[in-house]
Amino acid sequence: MLEIVRQQMICIVAPGWSGGAEIPKQLHDALDALLEDVAVVHFASIGLLPALGGAPNQQPSLVLELAVEEGLRPYDLLYRLVYHPDGAMWTLFGAMVAPHVAAPTAKDKEQLLNQLMSWHSIATGGFVGARDRSVRQIKMESDLLDQTRIEARKLKPKYGNDRTAFALALARWAYANPRFEWAVKPAPRSYWRGKGASIGAKLAYPVAAIVLWFVVLGIVWALPRAYNWFFGEPGQVGRAIEDAVTRTSECLLTMTWHGLLAFAVIAFLVWLFLVPLPAQFVSWRRWLNSVQQELDRPTQTLSSLATYVGGWLIGVPLLLAVAACALAYTFAPLAYAVAPDYMAHVVEPKLPKLTGLQIIGIAVVAIAAVLCIGALFHWLNGRFKKLSEQFFHPLEDDVPRAQQIHPSIERCEADLVDGTQHMFSLTELRGPRWWSAWCIRLALRIVTFAGRVFFTQGWLGNAPGIHFGHWHIIDNGRRFLFCSNYDGNFGGYLDDFINGAAAGTTLAWRWTELRPRAPALPGQPGIAQPRSFPPTRFVVFRGVKCELRFKSYARDSMLPHLYHFDACNRTVDQINLATALRDALFGERNGKNDDLIMRAIET
């Protein structure tokens, strides 16, 4: 499932670029014509990556970013591009494969294709906003939206404020127009945007996996008995096999039940602490909000430091203790099966014998103690206001001077001011690189999974307007490349992440840093002073919440693009609106669809 998402976003990193810092207009137009004709590429961009420090060849690398339709394998895409008759890909990459060959033969193109496959990198992780739509579909639905608005202006004087009659008239007009026959069929949707959009459908998969596991264990347990029923009583070897299979299957079954019960108890405790208690007790809700605020606080204060230290001294040991108890309870049947005498005579006498009522009583006392501590601190803050102000006062200025935006970056943003914006970001992985690469891959798999299954309406968390955002670990795990095509402006784009998807953004970038690097070519930005990603707490806190430091870090990491292609030039909201209008015009006539039609033509 995640492979489908990752294959939609490709970067070709070709080392040894000997061209200049500009794409000739003739090649620019040829690339536009190629991508328009192939008609499967949503976005494409070209940039230059500075050479790695210490590399023998200090020529920059050429990076070609491609954001394509779902279900297209990289080989199939590159085959279409390389073997297209206009030869734009050979003009771009040919000199890096076979210098001085102006008219490539079939063998030359095959060599180029193989080389591009060796240079290509599918996304380590990524997010697709307006998914399930081909380039052709977006263009056709946008045309339907534009034509419907034109027709609506003609019909408005006739129907006035009668929304139902107005929507019905527009639907009849659309049905009668042969230009829109394709729209009669509902817009295609992937499983997670269609039938799998409900909570029940999302829960069905883990439930089905658990049921299947129990079925497999039951079949394994029953196999020896079925064999005996068919062929009679087994011999000594057969009894030994039956006994081993029975013990193993029963042990696995018991471990599974224990694991599910432990998971249910932990889930209940998390729900209890985060939902009912905050809803019932104002002090508890204030305490939770205060903890999150202090962990995310962009400047160091005594209060944030105390929260951080308290988390390490109390929170982390408590979570580890809960996890240890859950693991011990889950694997206890295995321990009893492997060493029953040791468990019965050594371990059991040391375990406290508590009844269920006593356990509940301990939990109630613990919750009451936490509430009392929170109330005490709330009283102290109100009673000693001066001391409280000093406690929350920043200890230091946490924002160093920001580096100025490079003129090449400003020119790129100005060129795209009326369309979809684009971003290239290049950072280094922190040492040890193998650990940083492993953590980043794990974090990006989580972000990709969440974006695919849960954030299906074009928003990543609370961050809107992202068409394609993807990360690549390149240069043998040394560097981290981020590419994004988004709506709006850069400042607002980062604000959406800071306020809406802070945890995921921090999780993806916290293992990176900026090291001094020379410009790829004259006129390109370099980095004079090293810079680390803003400090994080407990993996996902703080980080991007250090707003000025994060924006400065992101700006310093940016590289300009030499070429940018946008197949549709529509925002995510416009794309979603056009698809919704298609389904409303040609769907069932009801109040919901009528309102959607009116919103679409009035927006």
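Reference entry: report on the structure contained in this document.

Thresholds applied
- Residues numbered from 1 in each chain as written.
- Predicted model: local features only at pLDDT ≥ 70, side-chain atom pairs only at ≥ 80, totals over all residues.
- Heavy atoms only, no water.
- Helix = DSSP H or I, 4+ residues; strand = E, 2+ residues; numbered from the N terminus.
- Buried < 20%, exposed > 50% of the residue type's maximum accessible area, 1.4 Å probe, protein only.
- Contact = heavy atoms within 4.5 Å.
- Areas by Shrake-Rupley, 256 points an atom, 1.4 Å probe, with all protein chains shown as cover.
- Lys, Arg positive; Asp, Glu negative; His and termini not counted.
- Charge placed at Lys NZ, Arg CZ, Asp CG, Glu CD.
- Patch = residues over 30% accessible without salt bridge, like charges linked within 9 Å, V, L, I, M, F, W, Y side chains within 5 Å.
- Salt bridge = Lys/Arg side-chain N within 4 Å of Asp/Glu carboxyl O.
- Arc of directions from axis to C-beta.
- Phe/Tyr/Trp six-rings, centres within 6.5 Å; stacked < 30°, edge-to-face > 60°.
- Lys NZ or Arg CZ within 6 Å of the ring centre and 35° of its normal.
- Core = buried A, V, L, I, M, F, W, Y, C linked by side-chain atoms within 4.5 Å.
- Pairing = 2+ DSSP bridges.
- Axes fitted to C-alpha atoms, helices over the stretch in contact; angles between N-to-C directions.
- Polar contact = N/O pair within 3.5 Å; in protein donor to acceptor, adjacent residues only side chain to side chain.
- Parallel < 35°, antiparallel > 145°, perpendicular 65-115°, else oblique.
- Left-handed = near helix turned anticlockwise from the far one by under 90°.
- Nonpolar A, V, L, I, M, F, W, Y, C, P; charged D, E, K, R; others polar.

Scanning the chain from N- to C-terminus turns up 22 helices and 14 strands. Seen along its three principal axes, the alpha-carbon backbone of the chain occupies a region of about 85 × 80 × 70 Å. Looking at the 603 residues of the chain, the share that counts as buried comes to 44%. Counting only contacts in the chain whose residues sit at least 6 apart along the sequence, the fraction spanning at least 24 positions is 78%. For the chain, the computed accessible surface area is about 32,100 Å², with 64% contributed by carbon and sulfur atoms. Taking the average location of the 58 positive side-chain charges in the chain and that of its 51 negative ones, the two points are 5 Å from each other.

We now examine a nonpolar patch on the surface. Taken together, the side chains of Ile199, Leu203, Val207, Val211, Leu212, Val215, Val216, Ile219, Val220 and Leu223 make up a nonpolar region of the molecular surface, amounting to roughly 900 Å² of accessible area. With respect to the helices and strands, the residue valine 215 is situated in helix H8 (residues 199-231). Accessibility expressed as a relative area gives 41% for valine 215, which makes it partly exposed.

Counted according to the given criterion, the structure contains 20 salt bridges. With a shortest N-O distance of 2.9 Å, arginine 582 and glutamate 141 are connected by a salt bridge. Of this pair, arginine 582 sits in helix H21 (residues 572-585) while glutamate 141 sits in helix H6 (residues 135-159); the two residues are 441 residues apart in sequence, bridging distant segments of the chain. When its relative accessible area of 5% is taken as the criterion, arginine 582 is described as buried. Between aspartate 595 and arginine 163 there is a salt bridge, with its nearest N and O atoms 3.5 Å apart. Of the two residues, aspartate 595 sits in helix H22 (residues 591-602) while arginine 163 sits in helix H7 (residues 163-176), which places them 432 residues apart along the sequence. It is possible to trace a salt-bridge network through shared partners that takes in Glu428, Glu513 and Arg515.

Among the residues making up helix H16 (residues 407-415), those that are buried are Ser408, Ile409, Cys412 and Glu413. Buried residues of H16, viewed axially, fall in a sector of 135 degrees; they line one side. Structural note: H16 exposes Arg411 and Asp415 on the side pointing more than 90 degrees away from its buried face. Along its buried surface, H16 packs onto strand S6 (421-429), helix H18 (490-500), helix H20 (547-557), strand S13 (558-559) and strand S14 (561-566).

Turning to the packing of aromatic side chains, a few remarks are in order. Geometry of an aromatic ring pair is reported as the spacing of the ring centres plus the angle between the planes. Overall, the coordinates contain 27 aromatic pairs when judged by the stated rule. Taking the centre distance of 6.5 Å and the plane angle of 85 degrees together, the rings of tyrosine 308 and tryptophan 312 count as edge-to-face. Of the two residues, tyrosine 308 and tryptophan 312 are both situated in helix H12 (residues 302-338); the distance of four residues between them amounts to about one turn of the helix. On the basis of relative accessible area, tryptophan 312 is assigned to the partly exposed category, the value being 46%. For the pair tryptophan 435 and tryptophan 438, a centre-to-centre distance of 5.6 Å together with 20 degrees between the ring planes defines the contact as stacked. Linking tryptophan 435 with tryptophan 438, this pair stays in helix H17 (residues 433-453), spanning three residues, or about one helical turn. The exposure class assigned to tryptophan 435 is partly exposed, which follows from its relative accessible area of 39%. Put simply, the rings of Trp471, Phe482, Trp509, Phe533, Phe550 and Tyr553 pair up and form one aromatic cluster. Over the aromatic face of tryptophan 221 sits the side chain of arginine 225, whose NZ or CZ is 4.0 Å from the ring centroid. The lysine or arginine in question, arginine 510, covers the ring of tryptophan 511, its NZ or CZ lying 4.8 Å from the ring centre.

Attention now goes to the nonpolar core. A general tendency of soluble globular proteins is for nonpolar side chains to be buried together. By size, the foremost hydrophobic cluster in this structure holds 46 residues, and its most contacted members are Val41, Leu77, Leu81, Phe93 and Leu116. For this core, the leading source of residues is helix H4 (residues 88-97), giving seven residues.

Pairing is antiparallel across the open sheet formed by five strands, whose spatial order is S4-S1-S3-S2-S14. Pairing within the sheet leaves two strands with one partner each, and these edge strands are strand S4 (120-122) and S14. When the angles between neighbouring strand axes are averaged without regard to direction, this sheet yields 15 degrees. Alignment of strand S1 (residues 9-14) against S4, held across three bridges, turns out to be antiparallel. Within S4, the position partnered with isoleucine 10 by the bridge is isoleucine 122. Each of S1, strand S2 (41-49) and strand S3 (61-68) is contacted by H4, which is oriented at about 145 degrees to S3, the strand it contacts most.

Relative to the assigned elements, histidine 564 resides in strand S14. Of the polar contacts made by the side chain of histidine 564, one reaches the side chain of serine 45; its length is 2.8 Å. Excluding residues within four positions of it along the chain, histidine 564 makes contact with Phe43, Ala44, Ser45, Leu416, Thr420, His422 and Asn485.

Among the eight residues that make up strand S8 (residues 479-486), eight are buried, leaving the element largely enclosed by the rest of the structure. Bridge count between S6 and S8: eight bridges; the pairing is antiparallel. Bridge pairing links glutamine 421 to tyrosine 486 in S8. As defined by bridge partners, strand S7 (residues 466-474) adjoins S8 across eight bridges and the pair is classed as antiparallel. Opposite glycine 469, over in S8, you have serine 484 as the bridge partner. A loop of four residues connects S7 with S8, the two strands running antiparallel in sequence, and aspartate 475 in this loop sits at a positive phi of about 55 degrees.

On to the environment of phenylalanine 43, then. In this structure, phenylalanine 43 sits in strand S2. For phenylalanine 43, a relative accessible area of 3% corresponds to the buried category. Spatially, the C-alpha atoms of phenylalanine 43 and alanine 567 are 6.3 Å apart, while their sequence positions differ by 524 residues.

Across the interface, H21 lies against H22 with an axial gap of 9 Å and an inter-helix angle of 140 degrees. With respect to H22, the axis of H21 lies oblique. Helix-helix and strand crossings are classified by hand; for H21 and H22 the assignment is left-handed. In this structure, H21 uses Leu577, Ala580, Leu581, Asp583, Ala584 and Leu585 to contact H22, whose residues at the interface are Asn593, Leu596, Ile597 and Ala600. Along the lines of polarity and charge, the residues of the contact of H21 with H22 split into eight nonpolar, one polar and one charged.

Nothing here speaks to function; it is all geometry.
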